[in-house]
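One letter stands for each residue in the lines below.
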Amino acid sequence: MKGNKWFSLIDKVSTERTLQLAWEKVRRNAGSCGVDGITIGRFEQDSQSRLLAVNEHLSKGTYQPKPVKRVWIDKPGSVEKRPLGIPTVTDRVVQAAVRMVIEPIFENRFAKHSYGFRPGRGCKDALRRVEELLQAGMTHIVDVDIKGYFDAIPHDRLMALVREHVADGRVLGLIEGFLKQGVMEGTEWVETVEDMPEDEPQGTPQGGVISPLLANIYLDPLDWLMAGVGFEMVRYADDMVVLCRSQEEAEAALEKLREWMAGAGLTLHPDKTRTVDMNLADSHFDFLGYRFKRSRGGRMMRLVRPKSLRKLREAIKPRTHRAGGRSMKAIVEDLNRTLPGWFGYFKHVMASELSGIDGWIRMRLRSILRKRRGLKGRGRGGDHQRWPNRYFTKLGLFCLLEARETEIISLRNGANH
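Residues numbered from 1 in each chain as written. Predicted model: local features only at pLDDT ≥ 70, side-chain atom pairs only at ≥ 80, totals over all residues. Heavy atoms only, no water.

**Remarks on the overall build of the protein**
Looking only at helices and strands, one finds 18 helices and 11 strands in the protein. When its C-alpha atoms are laid out on the principal axes, the protein stretches across 75 × 60 × 50 Å. Looking at the 417 residues of the protein, the share that counts as buried comes to 44%. Sequence-distant contacts, at least 24 apart, represent 69% of the contacts inside the protein between residues at least 6 apart. Surface accessibility of the protein: about 21,000 Å² in total, with carbon and sulfur atoms responsible for 50%. (Helix = DSSP H or I, 4+ residues; strand = E, 2+ residues; numbered from the N terminus. Buried < 20%, exposed > 50% of the residue type's maximum accessible area, 1.4 Å probe, protein only. Contact = heavy atoms within 4.5 Å. Areas by Shrake-Rupley, 256 points an atom, 1.4 Å probe, with all protein chains shown as cover.)

**Observations regarding the sheet that holds strand β3 (residues 140-145)**
Spatial strand order, β6-β7-β3-β8: 4 strands in an open sheet with antiparallel pairing. Where the open sheet ends on each side, the last strands, each with one partner, are β6 (232-236) and β8 (274-277). Neighbouring strand axes in the sheet, compared pairwise and without regard to direction, differ in orientation by 20 degrees on average. As judged from the 5 bridges shared by β6 and strand β7 (residues 239-244), these two strands associate in the antiparallel manner. (Pairing = 2+ DSSP bridges. Axes fitted to C-alpha atoms, helices over the stretch in contact; angles between N-to-C directions.)

**Thoughts on the packing of aromatic side chains**
What the rule picks out here adds up to 11 aromatic pairs. Note on phenylalanine 285 and phenylalanine 292: the rings are 5.1 Å apart at their centroids and 10 degrees apart in plane angle, and the pair reads as stacked. With relative accessibility at 0%, the residue phenylalanine 285 sits in the buried group. An aromatic cluster of three or more residues is present, and its members are Tyr290, Trp342, Tyr345 and Phe346. Note that arginine 302 overlies the ring of tyrosine 290, its terminal NZ or CZ placed 4.8 Å from the centroid. A cation sits over an aromatic face here: arginine 313 above tryptophan 360, 4.6 Å from the ring centre. (Phe/Tyr/Trp six-rings, centres within 6.5 Å; stacked < 30°, edge-to-face > 60°. Lys NZ or Arg CZ within 6 Å of the ring centre and 35° of its normal.)

**Quick look at the pattern of salt bridges**
Following the criterion strictly, the structure yields 24 salt bridges and no others. Arginine 50 is the salt-bridge partner of aspartate 46, the closest N and O atoms lying 2.8 Å from each other. In this structure, aspartate 383 and arginine 370 form a salt bridge, with 3.1 Å as the shortest nitrogen-oxygen distance. Pair noted here: aspartate 383 is in helix α16 (residues 383-386) and arginine 370 is in helix α15 (residues 351-372), with a separation of 13 residues, a long-range link. As far as the burial class goes, aspartate 383 and arginine 370 line up, both buried. Shared partners join several salt bridges into a network, and the residues in it are Arg319, Arg326, Asp334 and Arg337. (Salt bridge = Lys/Arg side-chain N within 4 Å of Asp/Glu carboxyl O.)

**What to know about the side chain of threonine 273**
With respect to the secondary-structure elements, threonine 273 resides in the loop between α11 (247-263) and β8. Reaching out from threonine 273, the side chain makes a polar contact with the backbone oxygen of aspartate 145 at a distance of 3.1 Å. In contact with threonine 273, not counting residues within four places along its chain, are Asp143, Val144, Asp145, Leu254 and Leu268. (Polar contact = N/O pair within 3.5 Å; in protein donor to acceptor, adjacent residues only side chain to side chain.)

**Observations regarding the pairing of β7**
Side-chain positions along a regular strand alternate between the two faces of the sheet. In terms of burial, β7 is largely enclosed, as 5 of its 6 residues are buried. Here β3 pairs with β7 via 6 bridges, running antiparallel. The partner of aspartate 143 across the bridge, within β7, is valine 241. Hairpin connection between β6 and β7: a loop of 2 residues separates the two successive antiparallel strands, and alanine 237 in this loop has a positive phi of roughly 55 degrees.

**Examining the environment of leucine 172**
When you line up the elements, leucine 172 lands in helix α9 (residues 169-179). Remark: the alpha-carbon pair of leucine 172 and leucine 9, spanning 163 residues in sequence, is separated by 9.9 Å. For leucine 172, the contacting residues outside a window of four places in its chain are Met159, Val162, Arg163, Val166 and Ala167.

**Thoughts on helix α5 (residues 89-107)**
Helix length check: α5 (19 residues) gives 25 Å between terminal C-alpha atoms against 27 Å at 1.5 Å per residue, within 8%. Considering bend angle alone, the principal kink of α5 is centred on valine 101 and spans about 35 degrees; proline proline 104 follows within four residues of it. Among the 19 residues of α5, 17 are classified as buried, and the element is accordingly described as predominantly covered. (Expected span 1.5 Å × (residues − 1). Bend = angle between axes of the 7 residues up to and from the residue.)

**Section: the environment of glycine 203**
For glycine 203, the location among the structural elements is in the loop between β5 (188-191) and α10 (211-228). Apart from residues no more than four positions distant in its own chain, glycine 203 is found in contact with Phe150, Asp151, Ala152, Ile153, His155 and Leu179.

**A short note on unusual backbone geometry**
Here alanine 30, not a glycine, exhibits a phi torsion of approximately 55 degrees, which is positive. Mapped onto the elements of the fold, alanine 30 is located in the loop between α2 (16-29) and α3 (40-45). Under the relative-accessibility criterion, alanine 30 is labelled partly exposed at 37%. Even without glycine at this site, aspartate 282 takes up a positive phi of about 70 degrees.

**Focus: the packing of helix α8 (residues 155-163) against α9**
The N-to-C vectors of α8 and α9 enclose an angle of 155 degrees; their axes lie 11 Å apart at closest approach. With respect to each other, α8 and α9 are oriented roughly antiparallel. As α8 runs across α9, the sense of the crossing is right-handed. Residues His155, Leu158, Met159, Val162 and Arg163 of α8 pack against Leu172, Ile175, Glu176 and Leu179 of α9. Residue composition of the contact of α8 with α9, grouped by class: 6 nonpolar, 1 polar and 2 charged. (Parallel < 35°, antiparallel > 145°, perpendicular 65-115°, else oblique. Left-handed = near helix turned anticlockwise from the far one by under 90°. Nonpolar A, V, L, I, M, F, W, Y, C, P; charged D, E, K, R; others polar.)

Next comes the structure, spelled out in structure tokens:
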């Protein structure tokens, strides 16, 4: 290390120990195969010989990433789909190894109000910080949306930021290689390096192991700029809000964001970026799956974001179809694979939100029971007497509201002790 730059890193990336740890992380995360058709299971069958081959290519500087496989996945709450780039398992291992080596270099420099894809930080920390700032009177919000962020990051400018602290040419070459991988959809090439704009290639493949780190590196100067001029920004990857004490401050923060984005080759979404006065009744903003809303009575509430609620319902509906042939116990066991985890993230919403979801789930289960009795329509009216809530409790159905009440009691008992 000289002058705050690291010059010799490839030997750390290519060591057997680093590659083995990288492979273990990739294996735990599972995922689909890439364009070469090699699955996690197939890679595992002879992982040691594959890792030795990777070590040799990295040491000689001959490693070449393969194209990413493009698949289209549903956008929650939308009929649109978004592209996801799936690297090969081998490329994911190498990306993980590179990330393990360079992440600590940048992690020590990242701003404290950046929470996304960082060790020891997560969504709940970001949400907790937003809650703290709201309670401190910062009720004028800049709700920020960067238009197509991952697809718009300019390669040259990103690499310039990486080069500020990494000077190992082979590691830099690996990162550039991952940025400029071709894209295949099915058996067809849909994008190559030559297809990218000649003046400034851009974009990091969503789905790549190293993409979240690169995305944080590119937005880090914005973090320090906003903090330097006194704005309270909370950022999780490209999802961010700025909390201010007045409308004038919010407008100034928005202008500062526009200036920086223009200089960084990025664009704020004109429809989704806005300022919100949370002192007004029914005002709201969404952040990381939650909706923060001011009630008509002036109370600040946390609700489930409508898109997040639709995503839950879309996951439950196929499992509670009235024509299904499974036993009620099997259906409940299936639901219980989803509900506790969902509650773990959304347990801070209003009790009425959880109660409403519980009621909707039981309605669907009662509808199944009605169907089996030869009755039509949804569970309602007398069905609540035929199959009361305790009927589903005895079957073991996870109840969101009861889980919330149990946790509150547990926290109170802990505080008393």
